[in-house]
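# Close look at the chain arrangement
Spelled out from the first residue to the last, the chains are:
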Amino acid sequence: AAEAAARLAVEELFDSVTQETHEETNVPRAALLPPRCIGCMAAADEHGCVGKPDLLFVTRTTLDAAAVRAAYEQGAAEGWES
């Protein structure tokens, strides 16, 4: 049961990365390949205090650069974040 719950949590995490990528770029989810976790980090502020950790992902697409640009220019729901 714990293994199944862990698997569902991982699936939800990676699905949310794909959804956020879509919302920030307007690239269709179907054109996004599964994200890959490439690391984690916690940036320090101006006082040297470490902030909350972030997971870093890379996501590839089947679209070329011109198609990505066109999708973004059509209006990404959260384009201001990217």
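Sequence order as written defines residue numbering, which begins from 1 separately in each chain. In view of the model being predicted, local features appear only for residues whose pLDDT reaches at least 70, and side-chain atom pairs are presented and counted only at 80 or more, with totals across whole chains, interfaces and linings using the full set of residues. To obtain the side-chain values, all non-hydrogen atoms of the structure were used and water was disregarded.

### Observations concerning the overall build of the protein
What counts, and what does not: Secondary structure counts use DSSP, requiring at least four H or I residues in a row for a helix and at least two E residues in a row for a strand, with both numbered from the N terminus. The size measure is the radius of gyration over C-alpha atoms, and the globule rule it meets is 2.2 Å times the number of residues to the 0.38 power.
Helix and strand counts for the protein come out as 2 helices and 2 strands. Taken from the N to the C terminus, the helices and strands of the protein come in the order α-β-β-α. Relative to a compact globule of 82 residues, whose C-alpha radius of gyration would be 12 Å, the protein shows 16 Å and is clearly more extended. In terms of overall dimensions, the protein has a C-alpha envelope of 45 × 40 × 20 Å along the principal axes.

### Some thoughts on the packing of aromatic side chains
Put simply, the rule is: Only Phe, Tyr and Trp rings are paired, with Trp represented by its six-membered ring, and only when their centres lie within 6.5 Å; those with planes under 30 degrees apart are stacked, over 60 edge-to-face, the remainder tilted. Each residue is placed in one exposure class: buried if its accessible area under a 1.4 Å probe, protein chains only, is under 20% of its type's maximum, exposed if it is over 50%, and partly exposed if it falls in between.
Tallied over the entire structure, the rule returns 1 aromatic pair. Ring plane angle 90 degrees and centroid distance 5.3 Å describe the contact between Phe14 and Phe57, whose orientation is recorded as edge-to-face. You can see Phe14 sitting in helix α1 (residues 2–25) and its partner Phe57 sitting in strand β2 (residues 54–58), a full 43 residues away along the chain. Judged by its relative accessible area of 24%, Phe14 is partly exposed.

### What about the layout of surface pockets?
Here is the rule we go by: Residues are called lining when one of their atoms sits within 4 Å of a cavity or pocket point, these points coming from a 1 Å grid over the protein atoms alone, where a cavity is a set in which a 1.4 Å probe fits but cannot get out and a pocket is an open set with protein on both sides within 12 Å along at least five of seven lines. Grid points are joined across faces, edges and corners, and a volume is the space filled by probe spheres set on the points.
Taken as a whole, the largest pocket holds about 280 Å³ of empty space. Considering the residues around the largest pocket, the lining is formed by 13 residues, among which Val17, Glu20, Thr21, Phe57 and Thr59 are closest to the centre. Going through the elements one at a time, α1 and β2 are the ones with two or more residues in the lining of the largest pocket. For the lining of the largest pocket, the leading source of residues is α1, giving 5 residues.

### Side note on the pairing of strand β1 (residues 36–41)
To keep things clear, this is the line we draw: Each pair of strands is called paired provided DSSP finds at least two bridges between the two strands.
In terms of residue burial, β1 counts as a barely covered element, since only 0 of its 6 residues are buried. Judged from the 5 bridges that link them, β1 and β2 form a sheet pairing that is antiparallel. Counted as the bridge partner of Gly39 is Leu56 from β2.

### Remarks on the pattern of salt bridges
Defined as follows: The term salt bridge refers to a pairing of a side-chain nitrogen on Lys or Arg with a carboxyl oxygen on Asp or Glu at a separation within 4 Å.
What the rule picks out here adds up to 3 salt bridges. For Arg29, the salt bridge is made with Asp15, and the minimal N-O distance between the two is 2.4 Å. Of this pair, Arg29 sits in the loop between α1 and β1 while Asp15 sits in helix α1, and the two are 14 residues apart along the sequence. On the basis of relative accessible area, Arg29 is assigned to the partly exposed category, the value being 32%. Looking at Asp15, the relative accessible area reads 39%, which means it is partly exposed.

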